[in-house]
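Results of the structural survey
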Amino acid sequence: MKVDLDSLTIAKARKMLDEKKFSAVELAQSYLDEIEKKNKELNVYLEVFGDVLEQAKAADKLISDGESYPLLGIPLAIKDNILLQGKKVSAASKILENYVATYDATVIEKLKKQGAVFLGRTNCDEFAMGGSTENSAFGPTRNSNDPSRVAGGSSGGSAVAISANLALGALGSDTGGSIREPASFCGIVGLKPTYGRVSRNGLIAMGSSLDCIGPMTKTIEDAEIILNAISGEDKEDSTTITDLTYPKHKSNKSIGIPWNLINQDGVDQKVKENFKESVKKLESLGYKTKDISLPNIGLGLAIYYIIMPAEASSNLARFDGVKYGLHVDGKDLLEDYLKTRGTGFGPEVRRRILLGTYVLSSGYYDAYYGKAQTARSILRKEFDDAFKQVDFVLTPTAPVPAWKIGEKSDPLSIYLADVFTITANIVGLPAISVPSGTMEVLKKNLPLGIQFMAPHGNEELLFEVSKKFLQE
Amino acid sequence: MITKEEIKNLAQLARIEIKEDEAESLRKEIDSILDYVSKINEISGDSEDKPVLKNVMRDDEITHKSGEFTEDLLSNAPGREGNYLKVKKILE
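The structure displayed is predicted, hence computed values, not measured ones. (Residues numbered from 1 in each chain as written. Chains lettered and ligands numbered in written order. Predicted model: local features only at pLDDT ≥ 70, side-chain atom pairs only at ≥ 80, totals over all residues. Heavy atoms only, no water.)

Description of unusual backbone geometry
All names here are of chain A.
- Here the amide bond leading from glycine 153 into serine 154 is cis, since omega sits at 10 degrees, within 30 degrees of zero.
- Here serine 154 lies in the loop between β5 (146-150) and α5 (156-163).
- The phi torsion at alanine 91 lies on the positive side, around 50 degrees, for a residue other than glycine.
- Structurally, alanine 91 is set in the loop between β2 (75-79) and α4 (106-113). (Helix = DSSP H or I, 4+ residues; strand = E, 2+ residues; numbered from the N terminus.)

Below, the structure written as structure tokens:
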């Protein structure tokens, strides 16, 4: 049977599976057919798993046994930096091209318990480093709204999996905006949870104090379903939080807008116009908005591009051609290392490792890393103070829409696309990107998004305001 | 300003082989990134005393049977001999 994927959501599919309108096998087959048609052009999946129909069959068995879980039989796409036991996981890097995961990430374990069906692993920037998926060692993912443009990144494959109907839900990871920016570029919903809400166990590490796994979906309700399935304290990740870690914030429907950041150069005029319309819409829905001053918010990117490379250079030291992954032979052990890492890591990864090595080296440590830690703490305090006056901080998700593949060659100009998303990672806040319409560029309608940030531990507030905004 | 020699030294420290022309392009790129991040010196205000991150300790206890994961882990190794990882000799 033909399943209408366009209007399908996780919530609807679950109901229809329970009502036997279609089986999990039929649903999975519908997605496999779409993938067969579109994946060659869009380069969303690096691998479609060979056992998709078997997984779906197992789900059907549970359904016929009368079991019902929120993700039972739901076909999901998983970013290629999250481990599934027995499956390849490469972080879109040559250095891990043939690596087979030896255990399940905690999020995968949790999804398996619900009987979710894993379709395959999605393309991303190498080691999740980038904002366009152009840094993948296996070619860029194309935006389904305009295939000459980038999908955003680093979770670009997961974003297009949703926008092109190649999965019903997806997992991404977000270190500086890698869920929210591609969600905005592709016109879908992307949630970066509070730091520690979702276990990082089994996520290939980039910046460990910043990394978060989160859902990418068509609707807010679906994002909520996936978050509920994957969140929770985990003894394998000592930074995970509980429901009691942070106080529940009472909402008075007030939204703070850091206009000083939004009105700067580099933010596209049409993005500003779209944002102002979104603000008006929220006001018509009964939200009060006010200009808030976060004096150091403009330093977010500078803080990030010290802390992230420092952590990444340490995390990526493990790829040595000895324990796993690529090995390139040299004349001695030192040369083995140099050649393995010199061949296996792509340009952006090398750049960040060197940058991290520099900011951590003696003589520069205090000036960069030490200073960034202090600044991080100051920024966190500024947000704590802001949330005494408002319930949300609102910005556009990205300063620009999706750019043309190959258009940006200067790394710094790509980094600037993270200007609005980066602070949530530095401060550890939950943040969501919600579709806010499109802007016309060269006769194509390119999606835009707005971003809500809420106090630590208060994802429910994000869901509530986003549902109102989308009239979901 | 960062020099090409410094870039080469960093690459050596990070165990990444780079070519001469890449050392020059990396020098330019890293120089402009460092220039950008030095904005951090404009930071104003006092930091909180309490650290943002803290260490969480656990008991050092046995979590799995001996040998349970040995084969899975070693099967990913580029070079092995029995249950050992194989590397080149470092001492003569």
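Structural notes on the packing of aromatic side chains
Residue and element names in this part refer to chain A.
- Enumeration over the complete set of coordinates arrives at 17 aromatic pairs over all chains.
- Between tyrosine 99 and tyrosine 324 the ring centres are 5.2 Å apart and the planes differ by 50 degrees, which places this aromatic pair in the tilted class. Of this pair, tyrosine 99 sits in the loop between β2 and α4 while tyrosine 324 sits in the loop between α10 (300-315) and α11 (333-344), and the two are 225 residues apart along the sequence.
- Residue tyrosine 99 is classed as buried on the basis of its relative accessible area of 10%. (Phe/Tyr/Trp six-rings, centres within 6.5 Å; stacked < 30°, edge-to-face > 60°. Buried < 20%, exposed > 50% of the residue type's maximum accessible area, 1.4 Å probe, protein only.)

Details of the sheet that holds strand β8 (residues 212-217) of chain A
Residue and element names in this part refer to chain A.
- Taken together, 11 strands build an open sheet; the order of strands is β1-β3-β2-β6-β8-β7-β12-β13-β11-β9-β10 and the sheet is mixed. Where the open sheet ends on each side, the last strands, each with one partner, are β1 (45-48) and β10 (288-291). Strand-to-strand twist across the sheet, computed as the mean angle between neighbouring axes with direction ignored, equals 30 degrees.
- Those strands touched by helix α7 (residues 220-230) are β2, β6 (169-174), β7 (189-192), β8 and β12 (431-441), and its axis lies near 145 degrees from that of β8. (Pairing = 2+ DSSP bridges. Axes fitted to C-alpha atoms, helices over the stretch in contact; angles between N-to-C directions. Contact = heavy atoms within 4.5 Å.)

Details of the nonpolar core
Residue and element names in this part refer to chain A.
- Core analysis: the biggest nonpolar cluster contains 164 residues, and Leu27, Leu111, Phe127, Phe383 and Phe452 have the highest contact counts within it.
- Contacts of leucine 111, omitting those with residues within four sequence positions, involve Leu71, Leu76, Ile78, Ala116, Phe118, Leu171, Ala229 and Ile230.
- Ranked by size, the runner-up nonpolar core spans 8 residues in total, among them Val150, Phe185, Ala402 and Ala417. (Core = buried A, V, L, I, M, F, W, Y, C linked by side-chain atoms within 4.5 Å.)

Some thoughts on the pairing of β12(A)
Residues and elements named next belong to chain A.
- Across 3 bridges, β7 lies against β12 in antiparallel orientation. What sits directly across from leucine 191, in β12, is isoleucine 432.
- Pairing analysis gives 9 bridges linking β12 to strand β13 (residues 444-453), with the strands arranged antiparallel. The residue bridging proline 435 from the neighbouring strand is glycine 449, located in β13.
- Hairpin connection, β12 to β13: the antiparallel pair is bridged by 2 residues, and leucine 442 has positive phi, about 50 degrees.

With respect to the interface of chain B and chain A
- At the interface, 43 residues of chain B touch 58 residues of chain A.
- Carbon and sulfur atoms supply 69% of the area buried between chain B and chain A, which totals about 4600 Å² over both sides.
- At the junction of chain B and chain A, the tally comes to 5 salt bridges.
- Our count for the contact surface shared by chain B and chain A stands at 13 residue pairs in polar contact (both at pLDDT 80 or more).
- Elements with a minimum of two residues in the side of chain B that touches chain A: α1 (4-13), α2 (20-37) and α3 (70-74) of chain B.
- Sort the elements by how many residues they give to the side of chain B that touches chain A and α2(B) lands first, with 9 residues.
- A breakdown of the residues in the side of chain B that touches chain A according to their chemical character gives 25 nonpolar, 7 polar and 11 charged. (Buried area = accessible area lost by both parts, 1.4 Å probe. Salt bridge = Lys/Arg side-chain N within 4 Å of Asp/Glu carboxyl O. Polar contact = N/O pair within 3.5 Å; in protein donor to acceptor, adjacent residues only side chain to side chain. Nonpolar A, V, L, I, M, F, W, Y, C, P; charged D, E, K, R; others polar.)

Observations concerning the pairing of strand β3 (residues 117-122) of chain A
All names here are of chain A.
- With 6 of 6 residues buried, β3 lies mostly within the body of the structure.
- Here β2 pairs with β3 via 5 bridges, running parallel. If you follow lysine 79 over to β3, its bridge partner there is threonine 122.
- Handedness of the crossover joining β2 and β3 through α4: right-handed. (Right-handed = clockwise from strand over helix to strand, strands pointing away.)

A closer look at the packing of α10(A) against helix α13 (residues 366-389) of chain A
Residues and elements named next belong to chain A.
- Two elements in contact, α10 and α13, have axes separated by 9 Å at closest approach and are oriented at 125 degrees. Looking at the two axes, α10 sits oblique to α13. Note that α10 runs across α13; the crossing there is left-handed. Where α10 approaches α13, its residues Gly300, Ile303, Ile306, Ile307, Ala310 and Glu311 are matched on the opposing element by Tyr368, Tyr369, Ala372, Gln373, Ala375, Arg376 and Leu379. (Parallel < 35°, antiparallel > 145°, perpendicular 65-115°, else oblique. Left-handed = near helix turned anticlockwise from the far one by under 90°.)

Some remarks on the pattern of salt bridges
- Under the criterion given, the structure shown has 36 salt bridges over all chains.
- A salt bridge links A:Asp80 to A:Arg121, with the shortest nitrogen-to-oxygen separation between them at 3.1 Å. Residue A:Asp80 is located in the loop between β2 and α4, and its partner A:Arg121 is located in strand β3; the two are separated by 41 residues in the primary sequence. For the pair A:Asp80 and A:Arg121, a shared accessibility class is recorded, and that class is buried.
- As a salt-bridge pair, A:Glu348 and A:Arg352 come within 2.7 Å of each other at their nearest N and O atoms. Of this pair, A:Glu348 and A:Arg352 both sit in helix α12 (residues 347-360), separated by 4 residues, roughly a single helical turn.
- Judged by relative accessible area, A:Glu348 falls into the buried class, the value being 5%.
- You can call A:Arg352 buried: its relative accessible area is 3%.
- Connected via shared salt-bridge partners are A:Glu348, A:Arg351, A:Arg352 and B:Glu29.

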